Each structure stands twice: as structure tokens, then as C-alpha cells.
Amino acid sequence: MFKPILNQTPRSPFQVLRDVTFGLLIRELKTRFGSYRLGYAWALLDPLLMIGAFSLIFGMRGHSGFGGAPAPLFITASYLPFLFFRNVVSKLQSAVNANKGLFCYRQVTPFATFVSRFILEMVIGMVVGCVLVLGLLWFGFDAIPNDPLEVVLIYFLLMIFSFSLGIIFCVLGNLFKEADKFLSLLMMPLMFISCVMYPLATIPSQYQHWFLWNPLVHAVELIRGSWISGYVSPDVSGAYLSLVTLVLLTFAMSCYRLSHRRLIAS
């Protein structure tokens, strides 16, 4: 006797995106860290070694060169945001090419690959940030953010900004192969013009307005100001960062909407 087949409720688009994103996230974890002997620990060791090296190199300048803050705390508060920005943009930029073989499944979309890589970088960034703060506290530094809510808010804007820019570079890389090389060449000088290793106040006043066109300068300086007690950067603006982020997100979603079929077919 045949059993009746129960009609299953069709999944909503959000449920499909959620399930696909989770599968892609597990795949990213295995492919990215499974080939290293250190495994997942490399996600922590890489930024820890970089921040430690920068702290030793620039720490010889003393507190005066860092707006009155200790070098390890100053570098942590500024390099972590830039590291998150760099990783998100580079990983999203290559997300489609790394998952081309999966687009034969109708449920897998380029946007799902963006979301999965973004979530992974966000989780890694949170873990690295917590480990660094605990490490600084262990060594006697006052590493607890002075205004945690503002730090979270600025980080949220930086997340959306990085997500949007990563999608734009992915679309550009699909249209122009030279865009991939341009991104790798851009990151190193961008770190030095984003006030990651020095305060904005150390730049001569007649040149500061050029640096203030860079949204990353506003993000880094605002995070420092809300993290380090007594650190002041009066020329940066959260409103400017919010406006640029909103415009960039709108542009990124428009680019994706116009080119998502091309991303799958290429």
C-alpha cells in the first residue's frame, strides 16, 4: 500500500539564501584553512604577528607620536579596522571566480558567495579583536574601549562600506581583468594614506583636507577616538562616513543587479 506523499511547504528566498550561505561558509572554512598545518590558528597568528611587528617598529617613537596612546594600543585600534577592510574587499572581489563550479546549482548565486565570505571575515575579525584586547589587558594596557557602542557603530559602517566596495571590485574584475591587479597594487599605499600608522593631527594642516576625502581616514580616526580615552580628532565626521557608505552600497547593489547574470555565465 502506497503512502501518501505529503506536500512540503516551499522555502522562501531568504531560507534558501540562509541554507546556501551556511553551506558555502563551511566550504570556505575547509578550503581556506584546511591546507595549513596550523589550521584555523593561522587566522589569528597572521594579524597578531603583523600588529606585534608594527608595534615594535613604531613603538620607538614613544607616546607623543601616537596622540598620547601606547604604541600597541594605537596600532591595534587602527590596524584592526584596516585589516578587516582589506580582507573583506579582497575576498569578495575573488568570491565569484572561486565558486564558479557551484553556479550550475540554481540555488547558488554570486550574492550568496559574497555573504558567506563576508560572514567568515566578520567572525574572524571579532575573534582576533577579542584575543588582542585580552592580550593587551594581560600586559597591563587599558585596552577596553572608552565608548564601546560608538566603536560598534563605526565598525558596522565600515563593514557595509567594505562589503559594498568588494562587490564593486568583483563586478569590475569580471568586466576588466586588469582590475584584479589594480586592487592588489592599491592596498599597500592605501594603508599609508589612511592614517593607520600615525594620527591625522601629525599631517601638516594645509594637507589634511586631502586626506579627509578618504572615508577610511574617518573610520580609523573615529574608532581611535571612541576606543582610546583622551584621543581627539576633531576634523573627522561620522556623517560623511555614513553618507559615503550609503551611496556606495546603493551603487554596489545596482552594479550587482545589472551584472549578476554575467557573473554566473562568465
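On a predicted model such as this, the values are computed, not experimentally measured, just so you know.

Thresholds applied
- Residues numbered from 1 in each chain as written.
- Predicted model: local features only at pLDDT ≥ 70, side-chain atom pairs only at ≥ 80, totals over all residues.
- Heavy atoms only, no water.
- Axes fitted to C-alpha atoms, helices over the stretch in contact; angles between N-to-C directions.
- Helix = DSSP H or I, 4+ residues; strand = E, 2+ residues; numbered from the N terminus.
- Parallel < 35°, antiparallel > 145°, perpendicular 65-115°, else oblique.
- Contact = heavy atoms within 4.5 Å.
- Nonpolar A, V, L, I, M, F, W, Y, C, P; charged D, E, K, R; others polar.
- Left-handed = near helix turned anticlockwise from the far one by under 90°.
- 1 Å grid on protein atoms, 1.4 Å probe; cavity = no way out; pocket = protein on both sides within 12 Å on 5 of 7 lines; lining within 4 Å.
- Points joined across faces, edges and corners; volume = space filled by probe spheres on them.
- pLDDT = per-residue confidence, 0-100.
- Buried < 20%, exposed > 50% of the residue type's maximum accessible area, 1.4 Å probe, protein only.
- Polar contact = N/O pair within 3.5 Å; in protein donor to acceptor, adjacent residues only side chain to side chain.
- Patch = residues over 30% accessible without salt bridge, like charges linked within 9 Å, V, L, I, M, F, W, Y side chains within 5 Å.
- Areas by Shrake-Rupley, 256 points an atom, 1.4 Å probe, with all protein chains shown as cover.
- Salt bridge = Lys/Arg side-chain N within 4 Å of Asp/Glu carboxyl O.

(A) Structural detail: the packing of helix α5 (residues 110-138) against helix α10 (residues 238-265). Two elements in contact, α5 and α10, have axes whose closest approach is 9 Å; the angle formed by their N-to-C orientations is 115°. One finds that α5 runs roughly perpendicular with respect to α10. Here P110, F111 and F114 of α5 come into contact with α10, specifically with M253, Y256, H260, L263 and I264. The residue makeup of the contact of α5 with α10, split by class, is seven nonpolar, one polar and no charged.

(B) Seen up close, the packing of helix α3 (residues 71-93) against helix α9 (residues 215-227). For the pair α3 and α9, interaxial distance at closest approach is 9 Å and the crossing angle is 140°. Put simply, α3 runs oblique to α9. Of the two elements, α3 crosses α9, and the hand of that crossing is right-handed. For the pair formed by α3 and α9, the contact residues are L73, F74, T76, A77, S78, L80, P81, F82 and F85 on the first element and L216, V220, I223, R224 and W227 on the second. For the contact of α3 with α9, the class distribution of residues is eleven nonpolar, two polar and one charged.

(C) Summary view of empty space enclosed by the protein. Applying the stated criterion to the full structure yields one cavity of 30 Å³ or more. Here the largest cavity defines a volume of roughly 90 Å³. Lining the largest cavity we find eleven residues, and of these Q93, N97, C170, G173 and N174 sit closest to its centre. For the lining of the largest cavity, the secondary structure elements donating two or more residues are α4 (95-98) and α6 (148-175). Of all the elements, α6 adds the most residues to the lining of the largest cavity, at four residues. Here the residues of the lining of the largest cavity are counted per class, giving four nonpolar, five polar and two charged.

(D) Focus on the confidence of the model for the protein. On average, the protein scores 82 in pLDDT, and the residues at 70 or more come to 86%. Averaged over each element, pLDDT in the protein is lowest for helix α2 (residues 42-58) (73) and highest for α9 (93).

(E) Looking closely at the side chain of R117. Relative to the helices and strands, R117 is located in helix α5. On the basis of relative accessibility, which here comes to 8%, the residue R117 falls in the buried class. A polar side-chain atom of R117 sits 3.0 Å from a polar atom in the side chain of S94. Those residues in contact with R117 that lie beyond four places of it in its chain are E28, K91, L92, S94, A95, A98 and N99.

(F) A nonpolar patch on the surface, seen in detail. Residues V123, V127 and V131 make up a contiguous nonpolar surface patch of about 200 Å² in total accessible area. The class of V123 is partly exposed, set by a relative accessible area of 42%.

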